[in-house]
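Letter by letter, the chains look like this.
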Amino acid sequence: MTNKNRIVLAYSGGLDTSVAIPYLKDQTGKDVVAVSLDVGQGGERLETIKERALACGAVESYIVDARDEFANEYCMPALQANAMYEGVYPLVSAISRPLITKHLVRAAHQFGADTIAHGCTGKGNDQVRFEVSIMSIDPTLKAISPIRDLGLMRDVEIAYAKEHKLPIEQTEKSPYSIDQNVWGRAIETGYLEDPWNGPTKDVYSYTDDPAFPPVEDEVVIEFEKGIPVKIDGRQVTPLQAIEEMNRRAGAQGIGRIDLIEDRLVGIKSRELYEAPGAIALITAHDELENCCLEREQHRLKRDIDKRWGELVYDAQWYSPAVKSLMAFIKDTQEYVSGEIRMVLHGGRAVVTGRRSNSSLYDYSLATYESGDSFDQKASNGFIEIYGLPSKVAAARDVRFGNGVGVPEGEVK
């Protein structure tokens, strides 16, 4: 049975959501349950965040170490889909919101709340991702945003925190809005809102300057059915694979992204991302698919990957469409097993070797040396049949005076 006097709040531990706890109570009369997840964003311990939530007036605090769950159930599907929105962005924030929402709904059920609150503004994608995910899991729950719906702006927050003596350290506000997890880091607003302004060094945290790299780093990544299972021969979990590649690719400045992005809400925004591990792993996985997927299957998958990334970006993680596309993607991974060797250096992850027992690359067919098993004489008939429609159409064009014009005169 739901408790109409309780709200579940997505709680980060910062100023915005700390103030939101008593502010929601004042504005709505409802008690607040704070929910915090560790998805590999670093920073404070969950226990510290829990204590702060309770000190700010939360009646309950629900904390979850979701790093492995995030890596296994959200990052790995994105990797298998080679998910890169607009060809460059590996969905850093987009894939974390459905996971956070799942735990918000679970907390609402556990603590009997009928409303879920989040800290998003009315201009971003995340408000849509949270609320569409909520209604996709439990359409009986309501969703609100203190910033969007209750006018909780930063100057109000600071004054409110001082007035109510909330246990929050006031530090100088970062000029940027930052969201990060183990799959990557998103940076926007402030100085970056002018798209002519180049990023300054202080923007980056996950990556070092690619203009001054250390010595090149050679890595071998082994996959089983599209999932990384070993790095340089050492067994790894998905989380460990992402963390190690974040460290190694980040040291080489790999994964810096700067783009004008088409937001779901209809505006263009300037976005910076750092995703060293994601970019390195997707580069390796994509190349292994080049070896292991059949030609027409591979063509279809490229289209499906693009559409999957767009739908997930557009808040459709729990939609029937994404579920169906994921079934296709999972099926394609049956033979995507093998090793990829890459050199990481100066902002680039370059594949230098591939091997797989399930590869469709056949040396005896590909070679131009002795031992070639390809029947070259078969190409004569293939070309005749393949070109037959064009040949018949060209004859018709000539008959009606519409043939391809050929320049007259001597060939010099």
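Just so it is clear, the model here is predicted, and its values are computed rather than measured.

Caption draft 1: Summary view of the overall build of the protein chain. Along the backbone of the protein chain there are 13 helices and 14 strands. Out of the 412 residues in the protein chain, the part that is buried amounts to 46%. On the protein chain, roughly 21,500 Å² of surface is accessible, and the fraction owed to carbon and sulfur atoms is 52%. Taking the average location of the 47 positive side-chain charges in the protein chain and that of its 63 negative ones, the two points are 2 Å from each other.

Caption draft 2: Broad picture of the sheet that holds strand 7 (residues 184–188). Taken in spatial order, the 4 strands of this open sheet run 6-7-12-11, and their pairing is antiparallel. Among the strands making up the open sheet, the edge pair consists of strand 6 (177–181) and strand 11 (256–262). Between one strand axis and the next, the sheet turns by 20° as a mean value, whatever way the strands run. By the bridge criterion, 7 bridges tie strand 11 to strand 12 (residues 268–274) in an arrangement that is antiparallel. In the strand pairing of strand 12, Ile260 is matched with Arg270.

Caption draft 3: Fine view of helix 13 (residues 378–399). For helix 13, which comprises 22 residues, the first-to-last C-alpha distance of 31 Å matches the rise-based estimate of 32 Å (1.5 Å per residue) to within 8%. Leu388 marks the point of greatest bend in helix 13, at about 50°, and the proline Pro389 comes within the next four residues. Counting buried positions over the 22 residues of helix 13 gives 0, only a small fraction of the element. The first or second residue beyond helix 13 is Gly401, which carries a positive phi of 75°.

Caption draft 4: The pairing of strand 12, seen in detail. With 6 of 7 residues buried, strand 12 lies mostly within the body of the structure. The pairing of strand 7 with strand 12 spans 3 bridges and is classified as antiparallel. Residue pairing in the sheet places Ile187 in a bridge with Leu272 of strand 12. Once strand 11 ends, the chain turns through 5 residues before running back antiparallel as strand 12, passing Gly266 with a positive phi of about 100°.

Caption draft 5: Looking closely at the nonpolar core. Membership of the largest hydrophobic core comes to 81 residues, with the highest contact counts inside it found for Val8, Phe70, Leu91, Ile95, Trp183, Trp308 and Met342. In terms of residue count, helix 9 (residues 276–292) provides more of this core than any other element does, 9 residues in total. Once residues within four sequence positions are removed from consideration, Met342 is found in contact with Asp217, Glu218, Val219, Ile221, Ala280, Thr283, Ala284, Ala349, Val350, Val351 and Thr352. By size, the runner-up hydrophobic cluster in this structure holds 22 residues, among which are Val19, Leu24, Ile49 and Ala117.

Caption draft 6: Just the packing of helix 3 (residues 67–80) against helix 8 (residues 238–251), in detail. The N-to-C vectors of helix 3 and helix 8 enclose an angle of 85°; their axes lie 8 Å apart at closest approach. The orientation of helix 3 relative to helix 8 falls into the category roughly perpendicular. The segment helix 3 lies against helix 8, with Arg67, Asp68, Ala71, Asn72, Cys75 and Met76 engaging Pro238, Leu239 and Ile242. The residue inventory of the contact of helix 3 with helix 8, partitioned by class, reads 6 nonpolar, 1 polar and 2 charged.

Caption draft 7: View of the sheet that holds strand 13 (residues 338–345). The strand order across the open sheet formed by 5 strands is 10-9-8-13-14, and the pairing between neighbours is antiparallel. Where the open sheet ends on each side, the last strands, each with one partner, are strand 10 (234–235) and strand 14 (348–355). Across 7 bridges, the pairing between strand 8 (residues 217–224) and strand 13 is antiparallel. Bridged to Val220 within strand 13 is Arg341.

Caption draft 8: Spatial organisation of the packing of aromatic side chains. A complete count under the given rule lists 9 aromatic pairs for this structure. Connected via pairs of aromatic rings, a cluster forms that spans Phe70, Tyr74, Trp308 and Trp317. A cation over an aromatic ring shows up here: Arg129 above the ring of Tyr313, its NZ or CZ 4.8 Å from the ring centre. Positioned above the aromatic ring of Tyr204 is the side chain of Arg256, whose terminal nitrogen or guanidinium carbon lies 3.7 Å from the ring centre.

Caption draft 9: Region of interest: the environment of Ile144. Tracing the backbone through its elements, the reader meets Ile144 in strand 5 (residues 142–144). In this structure, the C-alpha to C-alpha distance between Ile144 and Pro167, residues 23 residues apart in sequence, is 24 Å. The contact partners of Ile144, leaving out residues within four places of it in the chain, are Ile7, Leu24, Thr115, Ile116, Ala117, His118 and Asp149.

Caption draft 10: Quick peek at the pattern of salt bridges. Summed over the entire model, instances satisfying the criterion amount to 33 salt bridges. When the shortest N-O distance is used, the salt bridge between Asp262 and Lys268 registers 2.6 Å. Asp262 gets classed as partly exposed once you look at its relative accessible area, which sits at 31%. Via salt bridges that share partners, Asp217, Asp232, Arg234, Glu244 and Arg248 belong to a single interconnected network.

Caption draft 11: A look at the environment of Ser379. Among the structural elements, Ser379 can be located in helix 13. Given the relative accessible area of 24%, Ser379 is considered partly exposed. Spatially, the C-alpha atoms of Ser379 and Ile144 are 65 Å apart, while their sequence positions differ by 235 residues.

Caption draft 12: Here's a closer look at the side chain of Thr332. In this structure, Thr332 sits in helix 11 (residues 320–332). The exposure class of Thr332 is buried, given its relative accessible area of 2%. Those residues within four positions of Thr332 in sequence are excluded, and the remaining contacts are Leu293, Gln297 and Lys301.

What counts, and where the lines are drawn
Residues numbered from 1 in each chain as written. Predicted model: local features only at pLDDT ≥ 70, side-chain atom pairs only at ≥ 80, totals over all residues. Heavy atoms only, no water. Helix = DSSP H or I, 4+ residues; strand = E, 2+ residues; numbered from the N terminus. Buried < 20%, exposed > 50% of the residue type's maximum accessible area, 1.4 Å probe, protein only. Areas by Shrake-Rupley, 256 points an atom, 1.4 Å probe, with all protein chains shown as cover. Lys, Arg positive; Asp, Glu negative; His and termini not counted. Charge placed at Lys NZ, Arg CZ, Asp CG, Glu CD. Pairing = 2+ DSSP bridges. Axes fitted to C-alpha atoms, helices over the stretch in contact; angles between N-to-C directions. Expected span 1.5 Å × (residues − 1). Bend = angle between axes of the 7 residues up to and from the residue. Core = buried A, V, L, I, M, F, W, Y, C linked by side-chain atoms within 4.5 Å. Contact = heavy atoms within 4.5 Å. Parallel < 35°, antiparallel > 145°, perpendicular 65-115°, else oblique. Nonpolar A, V, L, I, M, F, W, Y, C, P; charged D, E, K, R; others polar. Phe/Tyr/Trp six-rings, centres within 6.5 Å; stacked < 30°, edge-to-face > 60°. Lys NZ or Arg CZ within 6 Å of the ring centre and 35° of its normal. Salt bridge = Lys/Arg side-chain N within 4 Å of Asp/Glu carboxyl O.

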